[in-house]
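Analysis of the macromolecular model
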Amino acid sequence: MKSSVVTICIVLFGLISHSQESDLFQLWPDTTLAKANTGAGLEYMSHEEKLTLFYTNLVRINPGLFADTYLEDYLSENKIRKDKDVKSLIKTLSNTSARVILKPSEELTHTARAHAIDMGKTGRTGHNSSKGESFATRLKEPSKIYRGLNENANYGNEHALDIVIDLLIDRNVSNAGHRKNILDIEMRYMGVAIEPHVRYGYNCVQDFGGPLTK
């Protein structure tokens, strides 16, 4: 699925910003876009990985406005019907208050990349490694740094907006766990990795961490 967002018009601290026809998009001032761009200048994230952090932060900064702008535009451009999962997302975002912006984490990115590479090469999905290590075992070292850890995994999408919106819609996931991770009020840091996948083309892993332990 192609990313739906529109004409690229500005380079914002090394990350793209977009111009939209809708007046609603003017409610995203450059200062807010810059604030969301917490991955600017990082060398351990690719451009699309930084964008994944950027869009995740926009959702957290103003969930309702994200629903009215980026999500609405994406649904229209990709002709996605508003089924029960989409309606659930719109309702959730409209009723969710602002969250703390996520800072990038090199430790969590390395952990996410290791898992994305492992899943990509072996064609597996899920949170256990190909050697059978559980999520808790894989994130043993980061758990010494952050209070609380969550993980999202997405398959088949190469581009950041596709990844973030797919995780938010969380189609056929009964508890909308990926959406809850993105909106988790306790999270403070995020690592992200997008890697090739032998079955699905691409896979993305997001690892989230709460406040620092020290």
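Residues numbered from 1 in each chain as written. Predicted model: local features only at pLDDT ≥ 70, side-chain atom pairs only at ≥ 80, totals over all residues. Heavy atoms only, no water.

Focus on the packing of aromatic side chains
Two descriptors summarise a pair of aromatic rings, namely the distance from one centre to the other and the angle between the planes of the rings. Worth spelling out the cut-off: Ring pairs are drawn from Phe, Tyr and Trp, using the six-membered ring of Trp, whenever the two centres fall within 6.5 Å, and their geometry is named by plane angle: stacked under 30 degrees, edge-to-face over 60, tilted for the rest. Helix and strand definitions here come from DSSP, where helices need a minimum of 4 consecutive H or I residues and strands a minimum of 2 consecutive E residues; each element is numbered from the N-terminal end. The cut-offs for exposure are 20% and 50% of the maximum accessible area for each residue type, with area from a 1.4 Å probe on protein chains only; residues under the lower value are buried, those over the upper are exposed, and the others partly exposed.
Applying the stated criterion across every chain yields a total of 7 aromatic pairs. Ring geometry for F66 and Y70: centres 5.5 Å apart, planes at 20°, overall stacked. With F66 and Y70 both in helix α3 (residues 63-77) and 4 residues apart, the pair spans about one turn of that helix. Residue classification places F66 among the buried positions, given a relative accessible area of 0%.

Describing unusual backbone geometry
The residue K79 is not glycine, and still its phi comes out positive at about 55°. Secondary-structure assignment places K79 in the loop between α3 and α4 (84-94). Phi at D170 is positive, roughly 55°, even though this residue is not glycine. Checked against the element boundaries, D170 lands in the loop between α7 (160-169) and α8 (177-183).

Quick look at the nonpolar core
In summary, soluble globular proteins display a tendency toward joint burial of nonpolar side chains. Spelled out, the test is: Put simply, a nonpolar core is a bunch of buried Ala, Val, Leu, Ile, Met, Phe, Trp, Tyr and Cys residues held in one set by side-chain atoms that sit within 4.5 Å of each other.
Residues W28, Y55, L58 and F66 are the most contacted members of the largest nonpolar core, which totals 43 residues. Of all the elements in the fold, those that place two or more residues in this core are α1 (30-36), α2 (47-61), α3, α4, α7, α8, β5 (189-197) and β6 (201-209). Among the nonpolar cores identified, the runner-up in size contains 5 residues, and L108, L139, L149 and Y189 belong to it.

Describing α4
Short version of the rule: Summarising the geometry, the arc corresponds to the directions from the helix axis toward the C-beta atoms. Note on contacts: a residue pair qualifies if any of its non-hydrogen atoms lie within 4.5 Å across the two residues.
When α4 is considered as a whole, its buried residues turn out to be D85, V86, L89 and L93. Each buried residue of α4 lies within a common arc of 100° when the element is viewed along its axis, so the set occupies one face. Seen from the open side of α4, the exposed residues pointing more than 90 degrees away from its buried face are K84, K87 and K91. Along its buried surface, α4 packs onto α2, α3, α7 and α8.

A short note on the environment of V59
In this fold, V59 is placed in helix α2. Given a relative accessible area of 0%, V59 falls into the buried group. Separated by 124 residues in sequence, V59 and L183 place their C-alpha atoms 7.8 Å apart. Excluding anything up to four places from it in sequence, V59 contacts F66, L93, V164, L168, I182 and L183.

Details of the side chain of R113
Rule in force here: Under the rule applied, a polar contact is a pair of N or O atoms within 3.5 Å (in protein, one hydrogen donor and one hydrogen acceptor; residues adjacent in sequence only if both atoms are side-chain atoms).
Tracing the chain through its elements places R113 in helix α5 (residues 106-122). With a relative accessible area of 19%, R113 lands in the buried category. A polar contact is formed between the side chain of R113 and the side chain of E49, at a distance of 2.8 Å. Engagement of the side chain of R113 in a polar contact is seen with the side chain of E195, the distance being 2.8 Å. With residues near it in sequence (within four places) discarded, R113 still touches Y44, M45, E49, V192, A193, I194 and E195.

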